[in-house]
Amino acid sequence: MDLQQLAKLRELCKDDAAFEHLKQVLAATLDSPFIAITQALAQTQQQLERQQALARVISRIRENLDLATIFQISTQEICQLLNVDRVAVYRFNPDWSGGFVAEYVVPGWLPLVGPDIHTIWEDTYLQETLGGRYRQQETFAVTNIYQAGLMDCHVALLEKFQAKAFAIVPIFVGQTLWGLLAAYQNSSFRQWELGEIELLVQLGEQFGVAIQQSELLARLQETQRLARIGNWDYDLSTQTLTWSDETYRLFGLDPTQVEPSYTEFLDRVHPDDRPALLDAIQQAIEAGIVYELDLRIIHTDTSIRHLAMKGQPFRNLAGQVTRLFGAMLDITERKQAEIAVQTLNQELSKSVVELTAVNRELEAFSYSVSHDLRAPLRSINGYSQALLEDCWDRLDEAGQRYLQRIRAATERMGELIDDVLILSRITRSDMTFQPVNLSELVQEILTELQAINPDRQVTCTIQANVIAWGDRTLLKVLLLNLLDNAWKFTSKQPLAQIEFGTTKDDNSKLLYFVRDDGTGFDMTYADKLFGAFQRLHSVQEFSGTGIGLATAQRIVHRHGGQIWGKSTIGQGATFFFTLEVK
Amino acid sequence: MKLYMTPRNILLVEDNPDDEDLAIRALRRSGVLNEIVVARDGVEALDYLFGTGQHTGRDTHIQPAVVLLDLKLPRVNGIEVLQRLRTDERTRFLPVVVLTTSNEQRDLLDSYSNGCNSYVRKPVDFIQFADAVRQLGMYWLLLNEVPSLGG
């Protein structure tokens, strides 16, 4: 037993007494078991070192999320750990062809991966068997490539790689065979130990996890970029802040130029938004209150982005806030739309104010018209009347007739003024919406018309309980005008028919109608029906000022509806209207 | 003892001379013999009723039987006159008939809400006027003569 071995044994004992005891035990035994024990000890030692190295590699893998970095660091570590000449990562393509994506090779050997080196491993076996043995999670270790029964082409390929022995394990991402992790011995043939293969298997598994995480991260980053959502995480104990890539972009910063920092962020926040933000952060740290606020970020090009921020404190078991994390969403477009809506609303309110002013002027104008236009008319009418009454006997028949004509003309002008005023009043009157029973209104109006003209024989058909939503007063004026027309234009029928009811158009829209069997009108002039002072009949034929349908149309328009008439001369007329008030 | 009442006068507040002329003609033809006092604007009307301005010294215990009040008047308009009359003890119950030129709802609403008793649409004619007077229940106050219709 040499001194080195003895020193190792001493380390295993708790004190000198125990060591002495061990030495006696050993002296009592034969030499060979002692050697076996030392060998076992050495093996254990090696395994321990490997486990430590594995743990080191794994932690390096976990520290990084960038696959290229992970591969670069890990392949070098494995190479040194196993004392091989090359460690390479091979990736399958969807068609089971593939290539090396990363490697570490001891200097002096031919590199397989590099900026301008893309080595394709043409392996028809793997392609045809969709990953072959590796699909079954098998590993493949070869001590000597010439004595492993490999196919010639395979051996030729390995010779090209300068390999004499190799060990390959699969890399699975989830259930999918992603690629292979390969260790090559170029300098000599090599008898692989079971522990070495196990180590490779474990590393292959870790690679799988790392790749999966990296893919998830890439997907998350892509999602954040598309959704314009960034996230951040601040560890209060270590004062470390992390930003996702999109967070940098939302702040208008370059991830390669700037390190995440609280001040860097605050500098970007619009000065007016800072107090509220600082307050919220303080509340979150001190009282553990979640915060949510909108703020403006000023980019270096002075453009402003609006962000909706949300921050969440994290408490440890002792209840202290040790971490703040959160997310932000770019709401610039929404904010701009809101501002546009606000501007529009302001303009609209301005228009409403202007419109109100115009309406007031119009009202003042019609008020003045009603007084001032009437005054001279009253004088003409009054004095014509006085002449007729006071100087009757001094006027001949022609004189009397002229005066009568003057009076009739002034009366007609009075009517015209009245109708114009009614029309303008209907345009500007306030509306109170409520359910209105149109059938009852129609009944009332027709009863009144019958009372005024007791000699008329009119059959009225009224659909019962037609309820509409609208202004009662205006709807009554509407029906009055339509029914008055129907009544007037059927006056030459000895037995007239007037009908009120509802029907539906091709689109199932509800139509109200007033129908008569009177004179009707020529559809050629249908578009002129609703113009103020437009008449399709002479005053001698039918009385009226031509304002009734114009009034009716204004009422219908104020209820968001349409009105139109259909007729054939001599076969009556039907007026349809819709009311769209909701 | 018997009380002999002097027929009280009528105050016509009207700025248009034609309307004034025609109104007086209509009243006379309706058989109204009461004295008719004319005020040409709101200020004049208020001066007369409250004994101020050009009517300083008038005995305000004697008030007209009825005021016929046009709405559109220079200086102080008819509605303002009406408001003043209704807030003063001396004239609170004075019958006021508003003369309107149209069926302007606003005018009628303003008149009634300010306490007018009735309205007559201009030009004042006998039938309308008689109706208004009947509504006021003071037929006896005004009509001293059976009206004769026609020439």
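Within any chain, residue numbers begin from 1 and follow the written order of that chain's sequence. To read the labels, note that chains go from A and ligands from 1, taken in the order they are written. The predicted origin of the model limits local features to residues at a pLDDT of at least 70 and limits the giving and counting of side-chain atom pairs to 80 or more, whereas totals for whole chains, interfaces and linings rest on all residues.

### Description of the overall build of chain A
Then, number 1: Secondary structure follows DSSP: runs of H or I at least 4 residues long count as helices, runs of E at least 2 residues long count as strands, and numbering of each begins at the N terminus. When helices and strands are tallied, chain A shows 16 helices and 19 strands.
Then, number 2: Exposure classification rests on a simple neighbour count of other C-beta atoms within 10 Å of a residue's own: a residue reaching 20 or more is buried, one at 12 or fewer is exposed, and one in between is partly exposed. C-beta atoms are placed from the backbone. Relative to its full complement of 582 residues, chain A shows a buried share of 25%.
Then, number 3: What counts as a contact is two residues whose backbone-derived C-beta atoms lie within 7 Å of each other. Contacts in chain A between residues at least 24 apart in sequence constitute 57% of all its contacts with a sequence separation of at least 6.

### A word on the overall build of chain B
Then, number 1: For chain B, the count of helices and strands is 6 helices and 5 strands.
Then, number 2: Moving toward the C terminus, one meets the helices and strands of chain B in the order β-α-β-α-β-α-β-α-β-α-α.
Then, number 3: Here chain B holds 151 residues, and 36% of them are scored as buried.
Then, number 4: Partitioning the contacts of chain B with sequence separation of at least 6, the portion at a separation of at least 24 is 66%.

### Some remarks on the interface of chain B and chain A
Then, number 1: Contact residues are listed per partner, giving 14 residues for chain B and 16 residues for chain A.
Then, number 2: Three categories are distinguished: nonpolar for Ala, Val, Leu, Ile, Met, Phe, Trp, Tyr, Cys and Pro, charged for Asp, Glu, Lys and Arg, and polar for the others, with Gly belonging to the last. When its residues are assigned to classes, the side of chain B that touches chain A shows 2 nonpolar, 6 polar and 6 charged.

### Things to note about the confidence of the model for chain B
Residue and element names in this part refer to chain B.
Then, number 1: Confidence in the prediction for chain B averages 79 pLDDT; 77% of positions are at 70 or higher.
Then, number 2: Each residue carries a pLDDT score, the predictor's own confidence in it, on a scale running from 0 to 100. Every residue in residues 144-151 scores below 50 in pLDDT, and together they form 15 contacts with partners more than four places removed in sequence or on other chains.
Then, number 3: Scored as a complex, the prediction yields pTM 0.46 and ipTM 0.73.

### Observations concerning the nonpolar core
Residues and elements named next belong to chain A.
Then, number 1: Counting residues in hydrophobic clusters, the biggest one holds 47 residues, and the most contacted among them are I78, A88, F166, L181, A182 and A183.
Then, number 2: For this core, the secondary structure elements donating two or more residues are α3 (31-63), α4 (67-82), β1 (86-92), β2 (98-105), β6 (165-173), β7 (176-185) and α7 (194-227).
Then, number 3: Here I78 is in contact with V57, V87, A183 and L203, once residues within four sequence places are set aside.
Then, number 4: Buried Ala, Val, Leu, Ile, Met, Phe, Trp, Tyr and Cys residues whose C-beta atoms connect them within 7 Å together make up a nonpolar core. By size, the runner-up hydrophobic cluster in this structure holds 34 residues, among which are I445, L479, L482 and F489.

### Thoughts on helix α13 (residues 397-428) of chain A
All names here are of chain A.
Then, number 1: One fewer than the residue count of a helix, multiplied by 1.5 Å, yields its expected span. Over its 32 residues, α13 extends 47 Å from the first C-alpha to the last, a length consistent with the 46 Å expected when each residue adds 1.5 Å.
Then, number 2: Turning to α13, its buried residues are T410, L421 and S424.
Then, number 3: Buried residues belonging to α13 abut α11 (332-372) and α12 (374-390).

### A look at the sheet that holds strand β3 (residues 66-70) of chain B
Residues and elements named next belong to chain B.
Then, number 1: For two strands to count as paired, DSSP must find a minimum of two bridges between them. Overall, parallel pairing links the 5 strands, which are arranged β2-β1-β3-β4-β5 in an open sheet. Edge positions in the sheet fall to β2 (36-39) and β5 (118-121), since each has one partner strand and no second. Averaged over all pairs of adjacent strands, the angle between strand axes in this sheet comes to 20 degrees, irrespective of strand direction.
Then, number 2: Taken together, the 4 bridges between strand β1 (residues 10-13) and β3 define a ladder with parallel strand orientation. Residue pairing in the sheet places L12 in a bridge with L68 of β3. Between N-to-C directions, angles cover 0 to 180 degrees, with each direction set by a line fitted to C-alpha atoms, over the stretch in contact for helices.

### Digging into the packing of helix α14 (residues 438-452) of chain A against helix α15 (residues 472-489) of chain A
Residue and element names in this part refer to chain A.
Then, number 1: It is at 10 Å that the axes of α14 and α15 come closest, and there the two elements cross at 45 degrees. Classified by the interaxial angle, the pair formed by α14 and α15 is oblique. Like other packed secondary-structure pairs, α14 and α15 cross with a definite hand, here right-handed. Contacts between α14 and α15 involve L438, L441, V442, I445, L446 and L449 on the former and, on the latter, L475, K476, L479, L480, L483 and W487.
Then, number 2: Along the lines of polarity and charge, the residues of the contact of α14 with α15 split into 11 nonpolar, no polar and 1 charged. Relative orientations are named as follows: roughly parallel for angles under 35 degrees, roughly antiparallel for angles over 145 degrees, roughly perpendicular for angles from 65 to 115 degrees, and oblique for any other angle. Two helices crossing with the near one rotated counterclockwise from the far one by less than a right angle form a left-handed crossing, whereas a clockwise rotation gives a right-handed crossing.

### Some words on the sheet that holds strand β17 (residues 510-516) of chain A
Residue and element names in this part refer to chain A.
Then, number 1: Strand order in the open sheet made by the 5 strands is β14-β16-β17-β19-β18, with mixed pairing throughout. Every interior strand has two partners, whereas the edge strands, β14 (458-462) and β18 (563-567), have only one. Mean inter-strand twist for the sheet, computed between neighbouring axes without regard to direction, equals 15 degrees.
Then, number 2: Across 7 bridges, strand β16 (residues 496-504) lies against β17 in antiparallel orientation. Across the sheet, residue T502 finds its bridge partner in β17, namely Y512.

### Some points on helix α1 (residues 17-29) of chain B
All names here are of chain B.
Then, number 1: Its 13 residues give α1 an end-to-end C-alpha distance of 18 Å, which sits within 8% of 18 Å, the value for a rise of 1.5 Å per residue.
Then, number 2: Every buried residue of α1 is listed here: D19, L22, A23, A26 and L27. For α1, the buried positions fall inside an angular range of 135 degrees around the axis, keeping them on one side.
Then, number 3: Taken from the residues just after α1, G31 is the one with a positive phi, measuring 90 degrees. Note: the arc covers the axis-to-C-beta directions of the helix.

### Topic: the pairing of β3(B)
Residues and elements named next belong to chain B.
Then, number 1: Counting buried residues along β3, 5 of its 5 residues qualify, which places the element largely inside the surrounding structure.
Then, number 2: Residues V66, L68 and D70 of β3 are buried on one face, and the alternating residues V67 and L69, pointing to the opposite face, are buried as well.
Then, number 3: Where β3 and strand β4 (residues 96-100) come together, 4 bridges link them in parallel fashion. Among the inter-strand pairings, L68 is bridged to a residue of β4, identified as V97.
Then, number 4: Look down the strands so they point away from you; if the path from the first strand over the helix to the second goes clockwise, the crossover is right-handed. With respect to chirality, the unit in which β3 leads through helix α3 (residues 78-87) into the neighbouring parallel β4 is right-handed.

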